[in-house]
Amino acid sequence: MSDTPAKPARQGLQEPSLDEQIAAYQREFRDLDPQVEKIVSALGRLNRRMNVAYGRQVADLGISNAEWEVLKTLVVSGAPYRLGPGELAKRLGLTPAAMTHRIDRMAGDGLVTRDRDENNRVRVIVELTDVGRTKWLAAMRMASDFEEELLQDLSGDERGVLGEMLIRLLRRVEHAQPDAGGRLTDLD
């Protein structure tokens, strides 16, 4: 009989640890660099988990991650927080049909308005409403608190270094894959 405590049984749907995942990859692909794989796998998992956390936060506000993305895009565009649906779709990497569907929902919820451009009656303008801006601000407060907690163990210098390293990685991907800013398929 062993003195080593038994490992708890893994649930069938539980993701393997990074070390377990890398060991499995190395078993099947001997040329794998485990340091590189640890970094990219950790980034991927961090991104997924952060998106889930953000989704839970904005759900408490009665909006979806997809709607929050539109609100953020309108805010980033600057006052008066207006863009055409085509520009919104392009900035979010969506098809025009997916963008129309999203705008329909958001206009119905009072987050945005959709009106004809006074200077070009063919063109439609999507504009952030006061309700939409209030939801965006509440979501930003929640996200800011979450992000501060996430980075609490890093000093200011470490945060600066990590930020610069991630920007370098992002630039390399953007250079190698300039068309990869959007999504391959519509998510809603």
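Refer to the structure presented above.
Residues numbered from 1 in each chain as written. Predicted model: local features only at pLDDT ≥ 70, side-chain atom pairs only at ≥ 80, totals over all residues. Heavy atoms only, no water.

Participant: Residues and numbers for the pattern of salt bridges, please.
Facilitator: All chains considered together, the criterion is met by 11 salt bridges. Among the ionic pairs, Asp19 bridges to Lys38, the shortest N-O distance being 3.3 Å. Of this pair, Asp19 sits in helix 1 (residues 18–28) while Lys38 sits in helix 2 (residues 34–60), and the two are 19 residues apart along the sequence. Its relative accessible area of 40% is what places Lys38 among the partly exposed residues. In this structure, the salt-bridge partner of Glu87 is Arg91, at a minimum N-O distance of 2.7 Å. Of this pair, Glu87 and Arg91 both sit in helix 4 (residues 85–92), 4 residues apart, which is roughly one turn of that helix. For Glu87, a relative accessible area of 30% puts it in the partly exposed group. Here the salt bridges share partners, and the residues they tie into one network are Glu15, Arg45, Arg48 and Arg49. (Salt bridge = Lys/Arg side-chain N within 4 Å of Asp/Glu carboxyl O. Helix = DSSP H or I, 4+ residues; strand = E, 2+ residues; numbered from the N terminus. Buried < 20%, exposed > 50% of the residue type's maximum accessible area, 1.4 Å probe, protein only.)

Participant: Go over the packing of helix 4 against helix 5 (residues 96–108), please, and point to the residues and values.
Facilitator: Interaxial distance between helix 4 and helix 5 falls to 9 Å at its minimum, and their mutual angle equals 110°. For the element pair helix 4 / helix 5, the angle class is roughly perpendicular. Of the residues in helix 5, those touching helix 4 at Pro85, Leu88, Ala89 and Leu92 are Pro96, Met99, Arg102 and Ile103. Of the residues in the contact of helix 4 with helix 5, the class split is 7 nonpolar, no polar and 1 charged. (Axes fitted to C-alpha atoms, helices over the stretch in contact; angles between N-to-C directions. Parallel < 35°, antiparallel > 145°, perpendicular 65-115°, else oblique. Contact = heavy atoms within 4.5 Å. Nonpolar A, V, L, I, M, F, W, Y, C, P; charged D, E, K, R; others polar.)

Participant: Please give an account of the pairing of strand 2 (residues 112–117) that cites residues and values.
Facilitator: Relative to strand 3 (residues 120–128), strand 2 runs antiparallel, the two sharing 6 bridges. Within strand 3, the residue paired with Arg114 across the bridge is Val126. Here strand 2 hands over to strand 3 after 2 residues, the two strands then running antiparallel side by side. (Pairing = 2+ DSSP bridges.)

Participant: I'd like to hear about the nonpolar core, residue by residue, with values.
Facilitator: One finds Ile63, Trp68, Val70, Leu71, Leu74, Leu88 and Met99 to be the most contacted residues of the largest nonpolar core, which totals 27 residues. Secondary structure elements with two or more residues in this core: helix 2, helix 3 (65–76), helix 4, helix 5, strand 3 and helix 6 (130–150). Sort the elements by how many residues they give to this core and helix 3 lands first, with 5 residues. Setting aside residues no more than four positions away along its own chain, Leu88 makes contact with Val70, Thr73, Leu74, Leu83, Met99, Ile103 and Val126. (Core = buried A, V, L, I, M, F, W, Y, C linked by side-chain atoms within 4.5 Å.)

Participant: Describe helix 3, naming the residues involved and giving the relevant values.
Facilitator: Given a rise of 1.5 Å per residue, 12 residues ought to cover 16 Å, and the 16 Å separating the end C-alpha atoms of helix 3 matches this to within 8%. Of all the positions in helix 3, only Ala66, Glu67, Trp68, Val70, Leu71, Thr73, Leu74 and Val75 are classed as buried. Count one or two residues on from helix 3 and you reach Gly78, which has phi positive near 90°. (Expected span 1.5 Å × (residues − 1).)

Participant: I'd like a rundown of the packing of aromatic side chains, residues and numbers included.
Facilitator: Tallied over the entire structure, the rule returns 2 aromatic pairs. Relative to Phe146, the ring of Tyr54 lies with its centre 5.5 Å away and its plane at 80°, an arrangement referred to as edge-to-face. With Tyr54 in helix 2 and Phe146 in helix 6, this pair connects stretches of sequence that are 92 residues apart. Note on Phe146: relative accessible area 22%, which makes it partly exposed. Cation over ring: Lys72 sits above Trp68, and NZ or CZ is 4.3 Å from the ring centre. (Phe/Tyr/Trp six-rings, centres within 6.5 Å; stacked < 30°, edge-to-face > 60°. Lys NZ or Arg CZ within 6 Å of the ring centre and 35° of its normal.)

Participant: Lay out a nonpolar patch on the surface in plain terms, naming residues and giving numbers.
Facilitator: Residues Val36, Ile39, Val40, Leu43, Val161, Leu162, Met165, Leu166 and Leu169 make up a contiguous nonpolar surface patch of about 710 Å² in total accessible area. Mapped by element, the contributors of at least two residues to the nonpolar patch are helix 2 and helix 7 (156–176). Of the residues forming the nonpolar patch, the biggest block, 5 residues, is contributed by helix 7. Within the secondary structure, Met165 is located in helix 7. (Patch = residues over 30% accessible without salt bridge, like charges linked within 9 Å, V, L, I, M, F, W, Y side chains within 5 Å. Areas by Shrake-Rupley, 256 points an atom, 1.4 Å probe, with all protein chains shown as cover.)

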